[in-house]
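# Architecture and fold: a report
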Amino acid sequence: MPRRASSPFPRHIPLTLLALACAVSVAACGSDAGNPAASSTASGSGSPIACAKSGQLLGAGSTAQANAIDVWKSDYGSACPGATITYSAGGSGAGIQQFNQGKVAFAGSDSALKPAEVEASKAVCTGGQGIDLPMVGGLISIVYNLDGVDKLVLDGPTLAKIFNSQITKWNDPAITALNPGVNLPAADIQAVHRGDDSGTTENLTKYLAAASNGAWPYPPNKAWAGQDGQSATGSAGVAAQVKQVKNSISYVELSFAQINNLKSAAVDTGAAAPVEATAANAATTLGAAQVAGTGSDLALTLDYGTKQEGAYPLVLVTYEIVCDKGNKADTLDLLKSFLTYTAGTDGQQAIASQGYVPLPEALTSKVQTVIPTLS
């Protein structure tokens, strides 16, 4: 796959994301002389990267950010050869588990650490604990495979009932009311959900809890709680299933929708017009995010129930989870160097054409303030 696909759209509109559900080996940062303070300039970048000495850095977790890691490693690795970063994209739940077992230096998660997970992290973060650093912005697309229907509008209550098997036909009155003039078939809805613990699922269910007027009866969770439906593993598996199964519907990051040529539904939020699943509309919602964490933890509060004009409500942020104190000494410099690049302007813009939404500068500045304090 070419790293930067040509496009008729502006650079900040996401285009493609390869589905990565396996380990991504990444050439990382190191100087020829082993000098941790050496700097190089990434390919296609105007800013130098402060390279760490050679070593190996392990990460695991979110499938949503796997291609972001791949893009970052290409620029970062070309500027700083000499070390290796390996990222295993097995889902947010698996990443947090491996982090709290001391198997990886950082975990990618599409949801912030729960109190019990923070407590568990203290066993591996000697003298400290795990913290959340927002790094990758994105949106969740409601994808569907419905012949003859190129435009579809859905809302929170309807989506909740679809995913909980209470609405089972595409021509159900609730769907037709949202889509006047659209010829919806009398076909059974094939709803697909993630079968593995997923931050994407948790963010979707946070939206359903906030916007379904009580139609979604379950608390937000990484594990799927809805009734019936088909399951698939990872964002790649979900996208492939929707592409193959007629009359299906599911939820994946927009990038996976685009690379698989899947149609995305607009969402009726109660604003004047339904909101399309675009990076620009997701950026409006992410721009209003508030920091809910304390100290060096930068966990965010997102408004899934937003009714702001042009604000797409199904957004997610992938966090890099690291120890604030107690990081392993032999990988600390490399960890800080890599995260400094990914949180910077060059790192954020490098993934903009790959299906991601660059985070607001006000937020990345806070992340860049925390990274040097890691110890």
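No experiment lies behind these values; they were computed from the predicted model shown. (Residues numbered from 1 in each chain as written. Predicted model: local features only at pLDDT ≥ 70, side-chain atom pairs only at ≥ 80, totals over all residues. Heavy atoms only, no water.)

The next subject is the nonpolar core. Core analysis: the biggest nonpolar cluster contains 70 residues, and Ile 142, Leu 152, Leu 154, Trp 170, Ile 175 and Ile 249 have the highest contact counts within it. With six residues, strand E16 (residues 315-323) is the single largest residue contributor to this core. With near-sequence residues (within four places) excluded, Ile 142 lies in contact with Leu 154, Leu 159, Leu 204, Ile 249, Ser 250, Tyr 251, Lys 263, Ser 264, Ala 265, Tyr 312 and Leu 314. Of all hydrophobic cores here, the second largest spans 38 residues; its members include Trp 72, Val 136, Tyr 356 and Leu 374. (Core = buried A, V, L, I, M, F, W, Y, C linked by side-chain atoms within 4.5 Å. Buried < 20%, exposed > 50% of the residue type's maximum accessible area, 1.4 Å probe, protein only. Helix = DSSP H or I, 4+ residues; strand = E, 2+ residues; numbered from the N terminus. Contact = heavy atoms within 4.5 Å.)

For the rest of this paragraph, the subject is the packing of aromatic side chains. Scanning the entire structure with this criterion turns up six aromatic pairs. Ring plane angle 80° and centroid distance 5.0 Å describe the contact between Trp 216 and Tyr 218, whose orientation is recorded as edge-to-face. Cluster of aromatic residues (ring-pair linked, three or more members): Phe 163, Trp 216, Tyr 218, Trp 224 and Tyr 251. (Phe/Tyr/Trp six-rings, centres within 6.5 Å; stacked < 30°, edge-to-face > 60°.)

Moving on: helix H6 (residues 199-211). Taking 1.5 Å of rise per residue, the 13 residues of H6 would be expected to cover 18 Å, and the 18 Å separating its terminal C-alpha atoms lies within 8% of that figure. The set of residues buried in H6 consists of Gly 199, Thr 200, Thr 201, Glu 202, Asn 203, Leu 204, Thr 205, Tyr 207 and Leu 208. Its side-chain oxygen at 3.0 Å from the backbone nitrogen of Thr 200, Ser 198 defines the N-terminal cap of H6. Directly after H6, the chain includes Asn 213, whose backbone phi takes a positive value near 55°. (Expected span 1.5 Å × (residues − 1). Polar contact = N/O pair within 3.5 Å; in protein donor to acceptor, adjacent residues only side chain to side chain.)

Attention now moves to the pairing of strand E9 (residues 190-194). The buried count for E9 comes to four of five residues, which makes it a mostly enclosed element. Where E9 and strand E11 (residues 248-253) come together, two bridges link them in parallel fashion. The residue of E11 that forms the bridge with Ala 191 is Ile 249. Relative to strand E10 (residues 230-232), E9 runs parallel, the two being bridged by three bridges. Residue pairing across strands places Arg 194 opposite Ala 232, the latter belonging to E10. A crossover links E9 with its parallel partner E10, the connecting element being H6, and its sense is right-handed. (Pairing = 2+ DSSP bridges. Right-handed = clockwise from strand over helix to strand, strands pointing away.)

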